Every structure is written in structure tokens, then in C-alpha cells.
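Listed below, chain by chain, are the residues.
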Amino acid sequence: MHKTYFLKKIHLLIILLFSLFSCKQSDSVSIIPDEKIPAEIEQFGFKTSDFNILNDTIRKGDTFGSIIENQNLGDKKVYDIIEKARDSFNVRTVRIGKAFTFLRSKDRYKKLEVVVYQPDKSSYYVIDLRDSVLVYKKIRPLTFKQRTIAGKLDGSLSEALSKQGVDAALANKLTKVYAWSIDFFKLQKGDKFGVTFTERFIDDTIYDGVDSLKAAFFEYRGKLIYAFPFAQNQNSGKLDYYDDQGKALKNFFLKAPLKFVNITSHYTQNRFHPVQHIWKAHKGTDYAAPTGTPIMTTAAGIVEQTGYTAGNGNFVKVKHDKTYSTQYLHMSKILVRKGQRVSQGAIIGKVGSTGLATGPHVCYRFWKNGVQVDALKLKLPNSQPMDKKNLPRFMTQMKPLKRELDSVANL
């Protein structure tokens, strides 16, 4: 019995010792702090913890001198600072709404030590006052990221791109590239598009817009029309756009004299005139748009005629070569003169409703060999075709881009 009692005591002692040992082990672990040293934050190349920081923007009436003269400058004078800064940037051009930052001492005096002015997102000027006045410019590093998207039209191209978080500037790039090969007025709801492009980022984080268009396709009349930039002359670096077969997209004529508007009346031999209320030929295409919308000449040429008639209102006629001429009617304002040479896409007038017109629009007329024809049904001449010797190089550059686009075409 004594032996059993003794064994029980030994057993309890072992459990007690084990518990104490475990607690000590646990205690020893818990007292080790799990601290993370915060990363030092830098702004404009300065440690923010070293300064009292004041951020502000240029307001109406501010000058470079006025924004610093109310700060504690110590023995430095505003005039001396301005004179020193002049060597690096024009202090008179500080603009309303642009940001500036004061880095001041952390003591109770808050002495101004550094001024930073940001004229744009990609650069800034530093005026360091801590010793002698030191002024320098810093360019933030740019990075470029390639992105491929695809979608379907359910409204305007700009709206479709916006839904995918893309800068509206890409819509302008696309319409310029396809201006000769796609009539954007005839794109339909549900038509597909795909785009590969690069975007700029400042300091790898600040979005700075679309940089360049690398490749694209649009579904047009049931067919995918591709666009790939290519420089035939590598030394010049001048880019033109070609389809997947190496055919130039750029034509002699733009598809229309306006952007993003509706065709309200087509070329026809028999139309009921909305003003005269009689049946007669309508030998042009009407594009409706708000009054004042810029009207573009669809090809380069010389202004052959400008003027006013009761039917046509204010009009401009442009002769492009021995074969082709175009005319633009019902303008609210004529912006060119007879004999003036105009480039393709030049603004020659503004949309109006002068003459026999029920609302603001431009009637676009087209002549081939002196005969009025339907511009939308013509097969118009292309620009300089791809040189055969450049075709292998083009195909090498194009194929991986086309694979990327085709991978999203059916999404």
C-alpha cells in the first residue's frame, strides 16, 4: 500500500514538472516581440519623416514669389531664390491648378527648406534652400505596359472602350487608322472589335494614358478588318497601317466628311424632298450633326468653288485630281477660300442648315470624271502598296500580334 501511495506521488510530481516546463517554454516564446520596422517613406527623393510637409496648388493671382514669401525663409530673400530658379525654369509660367509642396523644418519655426513645383505628372522642379539655393529638374520614370482587349459595340466606340477602363484617346487613334477603310456610321450593335495597345505609367503606378496602338481588328460587314503599324522605311520610322495580308488601309479618300454621326439620307435617283415636297433625285449623302460640327475634306486637293445658292446654302467644292471632286453643302460657315490647297482631313467649314435644309447636316456630293456618283459604293484608290521586299519583315512582325488578337476575338 505504501508502495502504491509512493508511485502515485511520483506520477503527480512528473505531471507538475511537465506543466511548469511547458509554461516556461510558452512564456519564453510569447515575450519575443513580433515587430515590423515600417519602411521609410520618400517623396521627391526626401524622407518625409524629416520634414513638416505642406501640399497645395497654385491659385488665381498666385506667383512663384507670392507662394514662398509668406514662409519662414530665414536669411534667404525671395528675389535671390527667384533669380536662381530662373536658370532652370520660367517662374512666370506657374499655372493655376498645378501642385506644389513645401518641405519645412519639424521644429516650432517651420523654416522652409525645400520647394517642389509640379508642372505636369511626369516631372517636377526642386528648389533646395537648405544650404545655398540649389535648383534642379527631375523626370519621373515612365513604364509601358501592353494590353489586349476585345468587346462588342453597344453604342459608340468611346462608350465601349470606357466600359473596359480605356482612355477615350484610343477611340480617336482607332478612327484615324480606320478612317479610309471603315464607315463608322455603318457599324452595328454587336459588332466585335479587338485592340492591342500600350499604356504609359509614371513611377510604375500613375496612369498616364494610351501611348501607342500595336494592332486592332473590327468586324465590318461580316468581315474582320485588321490593322498593324509598319514602317516600310526603317530609317524614317514613318508608320502606315496594313491589314493581315499587307494591304494598305489608307485610301485616297476618307469614308465620310464628319465623325460619329448618322446618315439621314442616301444617294438616290428618287427621293421625296422634305422642303420642296416633290420627288426628285438626291445625288449626295446627308450626314446629320449639330450646328458647328467641323466638316473635313475627304481627300487632299484645291478648293475649286465656294459660295451660296438658294438650294445648296453655303457650300465648298474641292477638286482632288483629274478624276475626282467633292462638294459639301448647307454649311453654317465656310472656312476656306477659292484656290486654297487643302490636305486630307482639313476642316473646310462647319455644319449648318443653310439653303433648302430642314435641320443641321452636311450633304456630301461626289464626282468621278465629271459625273455625280454614290461615294459609298465606289472602290476608291489606295495609298502606296506594300513593297514586296518588305512583306517578309511585315509578316514576321504581324503574326504574333494577330495571334494575340485572334485569341480574344471569340471571347
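Up top is the structure these notes are about.
Remember, predicted model here, so these are calculated numbers, not experimental data.

Draft legend 1. Structural view of empty space enclosed by the protein. Inspection of the entire model under this criterion finds two cavities of 30 Å³ or more. Roughly 60 Å³ of internal volume is contained in the largest cavity. As for the largest cavity, its lining consists of Leu254, Lys255, Tyr364, Phe366, Ala375, Leu376, Leu378 and Leu380. Broken down by class, the residue content of the lining of the largest cavity amounts to seven nonpolar, no polar and one charged.

Draft legend 2. Structural view of the layout of surface pockets. Quantified by volume, the largest pocket comes out at close to 670 Å³. Along its surface, the largest pocket is lined by 24 residues, and Ser181, Ile225, Lys247, Asn251 and Lys255 are the ones closest to its centre. No other element matches strand β11 (residues 223-230), which puts four residues into the lining of the largest pocket. Residues that form the lining of the largest pocket fall into these classes: 11 nonpolar, three polar and 10 charged.

Draft legend 3. View of the packing of aromatic side chains. All chains considered together, the criterion is met by 19 aromatic pairs. Ring centres of phenylalanine 252 and phenylalanine 253 lie 4.7 Å apart, and the angle between their planes is 65°; this geometry places the pair in the edge-to-face category. Three or more aromatic residues joined by ring pairs form one cluster here, namely Phe217, Tyr226, Phe228, Phe230, Tyr242 and Phe394. Here the guanidinium or amino end of lysine 145 rests over the ring plane of phenylalanine 201, the centre of that ring lying 4.5 Å away.

Draft legend 4. Just the sheet that holds strand β8 (residues 142-152), in detail. The five strands lie next to each other as β8-β9-β10-β11-β12, forming an open sheet whose pairing is antiparallel. Each of the sheet's edge strands pairs with one partner strand only, and the pair in question is β8 and β12 (240-242). Adjacent strand axes in the sheet meet at a mean angle of 30° when their direction is disregarded. Where β8 and strand β9 (residues 192-202) come together, 11 bridges link them in antiparallel fashion. For lysine 152, the partnering residue across the bridge sits in β9 and is lysine 192. This element, helix α5 (residues 169-177), spans β9, β10 (206-220), β11 and β12 of the sheet and lies at about 40° to β10.

Reading the values: the criteria
- Residues numbered from 1 in each chain as written.
- Predicted model: local features only at pLDDT ≥ 70, side-chain atom pairs only at ≥ 80, totals over all residues.
- Heavy atoms only, no water.
- 1 Å grid on protein atoms, 1.4 Å probe; cavity = no way out; pocket = protein on both sides within 12 Å on 5 of 7 lines; lining within 4 Å.
- Points joined across faces, edges and corners; volume = space filled by probe spheres on them.
- Nonpolar A, V, L, I, M, F, W, Y, C, P; charged D, E, K, R; others polar.
- Helix = DSSP H or I, 4+ residues; strand = E, 2+ residues; numbered from the N terminus.
- Phe/Tyr/Trp six-rings, centres within 6.5 Å; stacked < 30°, edge-to-face > 60°.
- Lys NZ or Arg CZ within 6 Å of the ring centre and 35° of its normal.
- Pairing = 2+ DSSP bridges.
- Axes fitted to C-alpha atoms, helices over the stretch in contact; angles between N-to-C directions.
- Contact = heavy atoms within 4.5 Å.

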